[in-house]
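Structural features, examined
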Amino acid sequence: MNHFFAYLSRMKLIQRWSLMQNIRTENVQEHSLQVAVVAHALGVIGNKHFKRDLNPERLALLGIFHDATEVFTGDMPTPAKYFSPEIRDAYNRMEAAAGKKLLSFLPQELRAEYSPLLLPEKADEHYWKIIKAADSICAYLKCLDEGSSGNREFNRAKLAIEEKIREYKMPEVDYFMSQFAPSFSLSLDELGD
């Protein structure tokens, strides 16, 4: 028996934003889908508007798997993950070990296909930067969602994430933020107008 996909299915059990009071909880599985959708959009935007040569489908696939190792590590809150360089380095080693463990649950002949999705490779370095940007955009959208519901708990996080997004200096990210992100603050009735 191979347990790889059974472990992946547990992504839905891992709650994000554990240190924050949430109006609506978010799990790693639904977050990964949103990151995949946004990463795909960043690829399409980059190609159509900024003459990039990106593979949006590859970006979507990396987005789907970007947090898969959390089936072993859980979702470590950002303040804890970045508390010190030593903790961040230890967490990176833990993520790599979790990726290797997940791969071990696949038959040998499938591992090469999944390895680049769980263990980032140099060849995909630029794509992983886009995934990081998509991940940040999704965190920002979560802050908007919580703020629109009257939850002030995410106000500071929203400001910090906005700054982080600006620091990416990626035109496709700026385009997404100006053209698509504002809609996430609207009600259903407002979206229909």
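The paragraphs below set out a description of the structure included in this document. (Residues numbered from 1 in each chain as written. Predicted model: local features only at pLDDT ≥ 70, side-chain atom pairs only at ≥ 80, totals over all residues. Heavy atoms only, no water.)

**What to know about the side chain of Glu26**
This is how it is decided: Secondary structure elements are defined from DSSP: runs of H or I of at least 4 residues count as helices, runs of E of at least 2 residues count as strands, and each element is numbered from the N terminus. Residue burial is assigned from relative accessible area. The probe radius is 1.4 Å, only protein chains are included, and a residue is buried under 20% of its type maximum, exposed over 50%, and partly exposed in between. Two N or O atoms form a polar contact when they lie within 3.5 Å of each other; inside protein one atom must be a possible hydrogen donor and the other a possible acceptor, and for residues adjacent in sequence the pair counts only when both atoms belong to side chains.
Relative to the assigned elements, Glu26 resides in the loop between helix 1 (4–8) and helix 2 (28–50). A relative accessible area of 5% places Glu26 in the buried class. At a separation of 3.1 Å, a polar atom in the side chain of Glu26 contacts the side chain of Trp17.

**Digging into the state of the cysteines**
Note the following rule: Pairs of cysteine sulfur atoms within 2.5 Å are what we label disulfides.
On inspection of all chains with the given rule, the structure shows zero disulfides. Left unpaired, Cys138 is separated from the closest cysteine sulfur, that of Cys143, by 11 Å. Residue classification places Cys143 among the buried residues on the basis of a relative accessible area of 2%.

**Section: the packing of aromatic side chains**
Counted only if it meets this: Only Phe, Tyr and Trp rings take part, Trp by its six-membered ring, and two of them pair if their centres are within 6.5 Å. Stacked means planes under 30 degrees apart, edge-to-face means over 60, and tilted covers everything else.
If you walk through the whole model with that rule in mind, you get 11 aromatic pairs. Centre to centre, the rings of Phe5 and Tyr114 are 6.0 Å apart; their planes meet at 80°, and the pair counts as edge-to-face. Here Phe5, found in helix 1, pairs with Tyr114, found in helix 7 (residues 108–118); they are 109 residues apart in sequence, far enough to count as distant. Members of the aromatic cluster, connected to one another through ring pairs, are Phe4, Phe5, Phe65 and Tyr114.

**Some remarks on the packing of helix 6 (residues 85–103) against helix 7**
Worth spelling out the cut-off: Here an angle of 0 to 180 degrees is reported between the N-to-C directions of two axes, which are lines fitted to C-alpha atoms, with helices fitted over the stretch in contact. For this classification, under 35 degrees means roughly parallel, over 145 means roughly antiparallel, 65 to 115 means roughly perpendicular, and everything else is oblique. Crossings are sorted by hand: turned counterclockwise from the far helix by less than a right angle, the near helix makes the crossing left-handed, and turned clockwise it makes it right-handed. Any two residues whose heavy atoms approach within 4.5 Å at even a single point are treated as in contact. Classification used: nonpolar for Ala, Val, Leu, Ile, Met, Phe, Trp, Tyr, Cys and Pro, charged for Asp, Glu, Lys and Arg, polar for all others including Gly.
The geometry of helix 6 relative to helix 7 is characterised by a closest axis approach of 10 Å and an angle of 160° between their N-to-C directions. With respect to helix 7, the axis of helix 6 lies roughly antiparallel. Like other packed secondary-structure pairs, helix 6 and helix 7 cross with a definite hand, here right-handed. In this structure, helix 6 uses Gly99, Leu102 and Leu103 to contact helix 7, whose residues at the interface are Arg111, Tyr114, Ser115 and Leu118. Grouping the amino acids of the contact of helix 6 with helix 7 by side-chain chemistry returns four nonpolar, two polar and one charged.

**Focus on the environment of Ala80**
Considering the arrangement of structural elements, one finds Ala80 in helix 5 (residues 78–81). In this structure, the C-alpha to C-alpha distance between Ala80 and Tyr91, residues 11 residues apart in sequence, is 9.9 Å.

**Describing the pattern of salt bridges**
Our working definition: Within this document, salt bridges are pairs made up of a side-chain nitrogen of Lys or Arg and a carboxyl oxygen of Asp or Glu, the two lying within 4 Å of each other.
Here the structure, examined in full by the defined rule, presents 10 salt bridges. Measuring nitrogen to oxygen at the nearest pair gives 3.9 Å for the salt bridge that ties Asp75 to Arg16. In this pair, Asp75 is assigned in the loop between helix 4 (70–73) and helix 5 and Arg16 in the loop between helix 1 and helix 2, connecting sequence segments 59 residues apart. The shortest N-O distance in the salt bridge between Glu162 and Lys158 comes to 4.0 Å. A residue pair is termed a helical-turn pair when its members lie 3 or 4 positions apart in one helix, as Glu162 and Lys158 do in helix 9 (residues 155–168) at four residues. A single network of salt bridges, built from pairs that share partners, joins Arg16, Glu26, Asp67 and Asp75.

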